[in-house]
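# Examining the three-dimensional arrangement
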Amino acid sequence: MTAIALPFSKSAAAKSSFDLGPIARSLVGVACFTMSFLVLIALGRAALGLVDNLHHYAKLPILIHVATVLPAIPLGGYLLLAKKGTPRHKQLGKLWLVLMLVTATSAIFIQSTGGFSFIHIFVPVTFHAAWKTIATARKGDIAGHKKHLVFTYLTALMIPGIFAFVLPGRLMNVMLLG
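Criteria and cut-off values
Residues numbered from 1 in each chain as written. Predicted model: local features only at pLDDT ≥ 70, side-chain atom pairs only at ≥ 80, totals over all residues. Heavy atoms only, no water. Helix = DSSP H or I, 4+ residues; strand = E, 2+ residues; numbered from the N terminus. Expected span 1.5 Å × (residues − 1). Bend = angle between axes of the 7 residues up to and from the residue. Contact = heavy atoms within 4.5 Å. Core = buried A, V, L, I, M, F, W, Y, C linked by side-chain atoms within 4.5 Å. Buried < 20%, exposed > 50% of the residue type's maximum accessible area, 1.4 Å probe, protein only. Axes fitted to C-alpha atoms, helices over the stretch in contact; angles between N-to-C directions. Parallel < 35°, antiparallel > 145°, perpendicular 65-115°, else oblique. Left-handed = near helix turned anticlockwise from the far one by under 90°. Nonpolar A, V, L, I, M, F, W, Y, C, P; charged D, E, K, R; others polar. Polar contact = N/O pair within 3.5 Å; in protein donor to acceptor, adjacent residues only side chain to side chain. 1 Å grid on protein atoms, 1.4 Å probe; cavity = no way out; pocket = protein on both sides within 12 Å on 5 of 7 lines; lining within 4 Å. Points joined across faces, edges and corners; volume = space filled by probe spheres on them.

A word on helix α3 (residues 60-81). Its 22 residues place the ends of α3 32 Å apart at the C-alpha level, agreeing with the 32 Å of an ideal helix rising 1.5 Å per residue. Approximately 30 degrees is the largest bend angle found in α3, and it occurs at A72, with the proline P74 only one to four residues beyond.

Below is the structure:
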């Protein structure tokens, strides 16, 4: 006889699920939506010619950084909120991790003051989190994998993103606020 999993019962499959808890799910959802929305407004302002002097930012490391970080924002949010463990999830997860590593690597070469700034602390954070993410997945430690992915998304992507919009002179700040 087959057991029926009722919506209010806890089945073995539900206990082993990779899904986020309600607080983490809400935090990721709000962060993803807000950051993606701000990016769209900033890009729209730049595309409409409402931002002057963008040629100062036309350097290869900045272009690579922006080209890889912008899709990483909604893709990472999607991966954290969508169904886990599918072949699609695994392929998109690898793509997201590559985007994050290229973003972090390109950040090393972005030095507006002639040296590293405090925001560069997120480069080794990203490399470490990527390594831990891969290591926990290979070991089958799903709880650890989930923890490192949420940590990476929020601390290596969202926090630097907030700084990019708040700090004067940063590209996203200039594009959003003029």
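For the rest of this paragraph, the subject is the environment of L177. Here L177 shows up in helix α7 (residues 171-177). For the pair formed by L177 and R45, sequence separation is 132 residues and the distance between their alpha carbons is 9.1 Å. Look past the residues within four positions of L177 in its chain and what remains in contact with it is R45 and F165.

Membership of the largest hydrophobic core comes to 38 residues, with the highest contact counts inside it found for W96, Y153, L157 and M158. Secondary structure elements with two or more residues in this core: α2 (22-47), α3, α4 (87-108), α6 (142-166) and α7.

The contact between helix α5 (residues 122-139) and α6 brings their axes to 8 Å, and the two run at 160 degrees. Compared by their axis directions, α5 and α6 come out roughly antiparallel. Judged by the sense of rotation from one axis to the other, the crossing of α5 with α6 is left-handed. Taken together, the residues of α6 that come into contact with α5 (itself represented by F122, V125, T126, A129, K132, T133, T136 and A137) are G144, H145, H148, L149, F151, T152, T155, A156, I159, P160 and F163. Considered class by class, the residues forming the contact of α5 with α6 number 10 nonpolar, eight polar and one charged.

Inspection of the secondary structure puts H89 in helix α4. Apart from residues no more than four positions distant in its own chain, H89 is found in contact with L79, K83 and K84.

With that settled, consider the side chain of T155. Residue placement: T155 occurs in helix α6. There is a polar contact of 2.5 Å between the side chain of T155 and the backbone oxygen of F151. The contacts of T155, once residues within four sequence positions are left out, are F122, V125 and P160.

Another aspect to go through is the layout of surface pockets. A volume near 890 Å³ is recorded for the largest pocket. Residue lining of the largest pocket: 41 residues in total, with H65, I110, I119, A164 and R170 positioned closest to the centre. Top contributing element to the lining of the largest pocket by residue count: α3, with seven residues. Class assignment for the residues of the lining of the largest pocket results in 27 nonpolar, 12 polar and two charged. Reported here for the second largest pocket is a volume of approximately 570 Å³. H89, K90, A137, H145 and L149 are, among the 20 residues lining the second largest pocket, the residues nearest its centre.

Running from N to C, α2 and α6 point in directions that differ by 35 degrees, and their axes come no closer than 11 Å. Like other packed secondary-structure pairs, α2 and α6 cross with a definite hand, here left-handed. Together, L27, V28, A31, C32, M35, L38, V39 and A42 of α2 and Y153, L154, M158, G161, I162 and F165 of α6 make up the contact between the two elements. Of the residues assigned to the contact of α2 with α6, the class counts are 13 nonpolar, one polar and no charged.

Everything listed is a geometric property; what it means functionally is a separate question.
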